[in-house]
Amino acid sequence: MTTRIERHHYDVVVIGAGGAGLRAAIEARLAGKRTAIISKSLFGKAHTVMAEGGAAAAMGNVNSKDNWMVHFGDTMRGGKFLNNYRMAELHAKEAPERIWELETYGALFDRTKDGKISQRNFGGHEYPRLAHVGDRTGLELIRTLQQKIVSLQQEDFAETGSYESKIRVFSETTITELLLEGDRIAGAFGYYRESGEFILLEAPAVVLATGGVGRSYKVTSNSWEYTGDGHALALRAGATLINMEFLQFHPTGMVWPPSVKGILVTESVRGDGGVLKNTDGKRFMFNYVPDVFRRQYAETEEEADRWYKDPENNRRPPELLPRDEVARAINSEVKAGRGTKAGGVLLDIASRLPAEEIQRRLPSMYHQFKELADVDITKEPMEVGPTCHYVMGGVEVDPDSAAAFGHVEGLFAAGEVSGGMHGSNRLGGNSLSDLLVFGKRAGEHAAAYTDALGKRPKMATGDVEAAVDAALAPLSREGGENPYTLQSDLQVVMGDLVGIIRREGELADALKRLQELKVRVANVGSTGGRKYNPGWHLALDLRNMLVVSECTAKAALEREESRGGHTREDFPKMNPQWRLLNLVCSLDETGDVHLERKPVPKMPPELLGLFDRTELSKYLTDQELTEVK
Amino acid sequence: MERHFRVWRGDASGGEIQDFDVEVNEGEVVLDIIHRLQATETPDLACRWNCKAGKCGSCSMEINGKPRLGCMTRMSTFEENETVTITPLRAFPIIRDLVTDVSFNYEKARETPAFAPPPGVAPGDYRMQQIDVERSQEFRKCIECFLCQNTCHVVRDHEENKPAFSGPRYFIRAAELDMHPLDDRTDRKDYSQEHQGLGYCNITKCCTEVCPEHIKITDNAIIPMKERVVDNRYDPLVWLGRKIFRRDQLGATGTGTGRESVASSAATGGTGVAAAVASSGARPPEGPAVNADGRLDVAELLSHQAGGPSPFGDDQEFPLRDGGITYQHPEPDKN
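Residues numbered from 1 in each chain as written. Chains lettered and ligands numbered in written order. Predicted model: local features only at pLDDT ≥ 70, side-chain atom pairs only at ≥ 80, totals over all residues.

1. Observations regarding the overall build of chain A
Each helix and strand counted, chain A has 19 helices and 22 strands in total. A globule of 629 residues ought to have a C-alpha radius of gyration of about 25 Å, and chain A, at 24 Å, matches this closely. With the principal axes as the frame, chain A shows a C-alpha extent of 75 × 60 × 55 Å. Excluding contacts between residues fewer than 6 apart, the proportion of contacts in chain A whose partners are at least 24 apart in sequence is 73%. (Helix = DSSP H or I, 4+ residues; strand = E, 2+ residues; numbered from the N terminus. Rg over C-alpha atoms; globule rule 2.2 N^0.38 Å. Contact = placed C-beta atoms within 7 Å.)

2. A few points about the overall build of chain B
Looking only at helices and strands, chain B has 12 helices and 7 strands in total. In chain B, of all internal contacts separated by at least 6 residues, the share reaching a separation of at least 24 is 59%.

3. Quick look at the interface of chain A and chain B
The parts lose accessible area when they come together, and the size of an interface is often stated as this lost area. The partner chain B presents 49 residues to the 52 residues of chain A that form the contact. When contributions to the side of chain A that touches chain B are tallied by element, the ones reaching two or more residues are helix 3 (85-104), helix 4 (137-160), helix 10 (363-373), helix 13 (483-497) and helix 15 (534-558) of chain A. No other element matches the 8 residues that helix 4 of chain A contributes to the side of chain A that touches chain B. Of the residues belonging to the side of chain A that touches chain B, the class tally is 22 nonpolar, 17 polar and 13 charged. (Nonpolar A, V, L, I, M, F, W, Y, C, P; charged D, E, K, R; others polar.)

4. Re the sheet that holds strand 9 (residues 184-192) of chain A
All names here are of chain A. Reading across the sheet, the 4 strands line up as 1-10-9-8 and stay open at both edges, with mixed pairing between neighbours. Only two strands of the sheet have a single neighbouring strand rather than two, namely strand 1 (5-9) and strand 8 (173-181). Geometrically, the sheet is characterised by an average inter-axis angle of 25° between neighbouring strands, direction not taken into account. Pairing geometry for strand 8 and strand 9, over 8 bridges, is antiparallel. Its bridge partner lying in strand 9, Thr173 is registered against Tyr192. (Pairing = 2+ DSSP bridges. Axes fitted to C-alpha atoms, helices over the stretch in contact; angles between N-to-C directions.)

5. Points about the nonpolar core
Side chains of nonpolar character tend, in soluble globular proteins, to be buried together. Counting 252 residues, the largest nonpolar core has Val207(A), Leu208(A) and Phe412(A) as the members making the most contacts within it. Residue contacts for Leu208(A): discarding those within four places in its chain leaves Ile15(A), Gly16(A), Gly230(A), Leu233(A), Ala234(A), Val395(A), Leu411(A), Phe412(A), Ala413(A) and Val417(A). (Core = buried A, V, L, I, M, F, W, Y, C linked by C-beta atoms within 7 Å. Buried ≥ 20, exposed ≤ 12 C-beta atoms within 10 Å, placed from the backbone.)

6. So, helix 10 of chain A
Residues and elements named next belong to chain A. Looking at helix 10, one finds that the buried residues are Met365, Gln368, Phe369, Leu372 and Ala373. Looking down the long axis of helix 10, one finds its buried residues gathered within 90° of arc, a one-sided arrangement. Exposed residues on helix 10 whose side chains face more than 90 degrees from its buried face are Pro363 and His367. Among the residues trailing helix 10, Asp374 stands out with phi positive, at a value near 60°. (Arc of directions from axis to C-beta.)

7. Some words on the pairing of strand 16 (residues 382-391) of chain A
Residue and element names in this part refer to chain A. In terms of burial, strand 16 is largely enclosed, as 10 of its 10 residues are buried. As defined by bridge partners, strand 13 (residues 247-256) adjoins strand 16 across 7 bridges and the pair is classed as antiparallel. When the bridges of strand 16 are listed, Leu247 appears paired with Val391. Pairing geometry for strand 15 (residues 345-348) and strand 16, over 3 bridges, is antiparallel. Each bridged residue has a counterpart across the sheet, and for Leu347 the counterpart in strand 16 is Met382.

8. What to know about the confidence of the model for chain B
Residues and elements named next belong to chain B. Of the residues in chain B, 68% have a pLDDT of 70 or more, and the chain-wide mean is 80. Looking at the elements of chain B, mean pLDDT is at its lowest for helix 11 (residues 258-268), recorded as 36, and at its highest for strand 7 (residues 99-100), recorded as 97. Across residues 250-285, where pLDDT falls below 50, the model places 60 contacts with residues more than four positions away in sequence or in other chains. Counting interchain partners and residues more than four positions distant, the pLDDT-below-50 stretch residues 299-309 has 13 contacts. Interface confidence for the predicted complex, given as ipTM, is 0.88, next to a pTM of 0.85. (pLDDT = per-residue confidence, 0-100.)

9. Things to note about the packing of helix 2 (residues 68-78) of chain A against helix 3 of chain A
All names here are of chain A. Contact geometry for helix 2 and helix 3: axes closest at 8 Å, N-to-C directions at 140°. With respect to helix 3, the element helix 2 is oriented oblique. The interaxial crossing formed by helix 2 with helix 3 has right-handed handedness. Between helix 2 and helix 3, the residues in contact are Trp68, His71, Phe72, Thr75 and Met76 and Ala88, Glu89, His91, Ala92 and Lys93, respectively. (Parallel < 35°, antiparallel > 145°, perpendicular 65-115°, else oblique. Left-handed = near helix turned anticlockwise from the far one by under 90°.)

10. Some thoughts on the sheet that holds strand 12 (residues 241-242) of chain A
All names here are of chain A. The sheet built from 4 strands is open, its strands ordered 17-12-21-22 with antiparallel pairing. Of all strands in the sheet, those with a lone pairing partner are strand 17 (394-395) and strand 22 (593-599), marking the two edges. For strand 12 and strand 17, the ladder comprises 2 bridges, and the chain directions are antiparallel. When the bridges of strand 17 are listed, Ile242 appears paired with Gly394. Across the face of the sheet, helix 15 comes into contact with strand 12, strand 21 (581-587) and strand 22 while running at roughly 45° to strand 22.

11. What about the packing of helix 1 (residues 19-30) of chain A against helix 4 of chain A?
Residue and element names in this part refer to chain A. For the pair helix 1 and helix 4, the least separation of the axes is 9 Å and the interaxial angle reads 25°. Taken together, the axis directions place helix 1 and helix 4 in an arrangement best described as roughly parallel. Crossing of helix 1 against helix 4: the hand is left-handed. Here Gly19, Leu22, Arg23, Ala25, Ile26 and Arg29 of helix 1 come into contact with helix 4, specifically with Leu141, Ile142, Leu145, Gln146, Lys148, Ile149 and Leu152. Looking at the contact of helix 1 with helix 4 residue by residue, the class counts come to 8 nonpolar, 2 polar and 3 charged.

12. What about the environment of Ala508(A)?
By secondary structure assignment, the location of Ala508(A) is in helix 14 (residues 504-521). Separated by 56 residues in the primary sequence, Ala508(A) and Ala452(A) have C-alpha atoms spaced 46 Å apart.

13. Points about helix 8 (residues 323-335) of chain A
Residue and element names in this part refer to chain A. Between its first and last C-alpha, helix 8 extends 18 Å over 13 residues, near the 18 Å set by a 1.5 Å rise per residue. The element helix 8 is largely enclosed, with a buried count of 10 among its 13 residues. For helix 8, every residue scored as buried is listed here: Asp324, Glu325, Val326, Ala327, Arg328, Ala329, Ile330, Asn331, Glu333 and Val334. Looking at the buried residues of helix 8, the elements they touch are strand 13, strand 14 (275-277), strand 15, strand 16, strand 19 (501-502) and strand 20 (567-568). (Expected span 1.5 Å × (residues − 1).)

14. With respect to the environment of Met61(B)
Residues and elements named next belong to chain B. Its place among the elements puts Met61 in strand 3 (residues 60-63). For Met61, a count of 29 C-beta atoms within 10 Å puts it in the buried group. The sequence separation of Met61 and Phe104 amounts to 43 residues, and the corresponding C-alpha distance is 16 Å.

15. Focus on unusual backbone geometry
Among all residues save glycine, negative phi is the norm, and among peptide bonds the norm is trans. With an omega of -5°, the peptide bond running from Trp256(A) to Pro257(A) counts as cis. By the secondary structure assignment, Pro257(A) is in the loop between strand 13 and helix 6 (268-271). One non-glycine residue, Glu144(B), lies in the positive phi region at around 50°. Assignment of secondary structure puts Glu144(B) in the loop between helix 3 (130-140) and helix 4 (147-151). The backbone of Lys205(B) shows a phi angle near 65°, a positive value even though the residue is not glycine. Looking at where Lys205(B) falls in the secondary structure, it is placed in the loop between helix 7 (188-195) and helix 8 (206-210).

16. Re the environment of Leu486(A)
Residue and element names in this part refer to chain A. Secondary-structure assignment places Leu486 in helix 13. Leu486 gets classed as buried once you count the C-beta atoms within 10 Å, which come to 21. Along the sequence, Leu486 and His132 sit 354 residues apart, while their C-alpha atoms lie 39 Å from each other.

Next comes the structure, spelled out in structure tokens:
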């Protein structure tokens, strides 16, 4: 069978059209490179639009005491000192420039009284630091970058008569394979989702900016695109992934109705009197107060209820325990069979406050659920459970150049798909600034890499043919398994066994089940043709989701401590010895995930000096502390 | 509970409405039903979606004939046994099922001149007041769902208008840049009139009605843009609106220059067209010249072009005959 393949030549191919991808593409084009942007959806729809809070940058517009050193410290604290210190340093130093630059592209942030960019407070940030536009900062960012790309295309049009002479957006296009010559990137292979036709981009440098992995989880705030494509492409090209055990979950996301599944329910619902109940109607949090918190938290419902009015003389209700404790409790109730059919518990504020009071205190929550789901939170309880939100782990990169580690050259990664920057937990607001800082660096260094390259690597025809066969396989498989069933089974495994609270036995079980799923995914089939066939697209995404899930499960089993986005019930404490170690995943010759331990880069004394000793003693080993002056 | 759905399926070569009975749970939206169809009966049913929270503008479709976002249309908004019919956007070419080719919009986006940064202002030195950025921020809320483009009757059933007409999405883009406190270009409104086809719009407000972000497209972007265009009496619609009324009916102050009188008429909301025009701070519109009776010259109304008729009259042939010149020089300051 002969297959038509459209061929293109570029200097830099950027896979992903969210904030990181667009910023990288701008930089590559400014360096004079012919640049392609691959967008899995339409141009401008990327998941970056969902970011509400803002972009963290120590501009000091609201509080002049803020500077990069404070931001750096906050970031390291948030990541429990597992962050790649150099990335956190570059991020803190360069974020303000990247934000200011957006204004020259036309961005309109909210302003301070003296006309500067306004900055708001956010959890974990010592000073007001988040540049924002109401609660739609992500949209502003993506639109600004999108419009900057258009403006560059207009310059090219004026010069060459073609908008696409130097930078082209391939919208609704998915890359299924990176092609190499030896260890060097030679190009990328994929398909147009609209037509199902194949496309081959020959290019010596590829920037991965594909975002996260949330679609492998039952309850997630992520969109369908988040199938870990970049993570998997990197692995298959010979790169490595780090920190894959660290996923950010929110304890109370909506689990039902489906129209709002995954949407976060802010903590203030509990702060304002909302209580958690199981399906027996019991307020169960009193059973889950750990000994260390026993003295600060109420023991009876009466005392807890008095706290809302009189916090001085009463102890806090147990609903306000730290995030992971609440999540653990919800998890236990559901596993004990006292959860709802959708796998959640009930968060009840309706029976606790008068309707007008709820509307007054939680206006956006009230309107969001009313509009999206017709759920009236003043009348009925919400069904909530842990929601997968963000993956800290990703492609292991050189902090300065964003070049991928492992045995591959010409591969770069930025944004959520890269790992190290956020350590074990990401602060709110740090992802928008992360993708600008490292998107720019990735684009810049990808361009420089192509300059230094003697001759363009050439891909082998056999590899292209193999990629074509792999892509077409699900369509020709008679009686293959339904991809939606497989995805939903994978989501159950990851959600139930590699979710927010993890145990050794369950993780081992998960790995076994992932192996079974691997066999089934190899036999996935799609009905219908090649033209805009979502079933076929999902069938091709599944193998990416599977290999990335395996990395997460393996690393979660290996790391025997609890830190940031990784909570082990059997190892509930943070262990300074484990802070010294990154878990690195790669693929061996047979395509299986191989895991090894690698030391975390050591922070130089001038950066260590930014923290006081008592704080460091929470994270560092005794051995390390003796070296700190 | 099972509900009855009709979904258009097919591609550029044709298609048909297909019937489905699908389980519907409480609190679900139309997009949930499409996902259920994909997961069960029709894995290859084509439909765009991303965020499923009304923030990305991907799942645009027509539900019972109305342009809507699938993720924002709750099943509870229909009657209990109402059949729900889902069809693709009508103004754009079909690709497959509910997916249409929206590249028209991206082409128009590419033709709209980008933000022009003010020369000599370094990054970090941009200073703007909140009150000044808010006007443009309203338009930057746009999630590019293209429902306004789809519903606009100028292109909805008139493919032939597409080359000359950019549509509401790009009118608000032009307005946004026009109102941007630091944009260096001054020709945004001229561009809108001359290259975006603003004059085709006759302010039926359909775009405003379908906007899921509740952007006041017509009132806050299109009308103020048109109003400025009135300066030069380019826009046939506003021009016509002004012909129909006598100047004194426009609430003019009577005496004084034409400039003042018409500007104040806009402020008091004299005409249907100018009623919603906000005082924009731009140059106030100029009124056309009128006859002694306070009415506009009728000949101007009948003219085929907006620039006013020949001062020699339309029935004149050139070259003019000696002594047969009908032209009369108007007396200045007649009233």
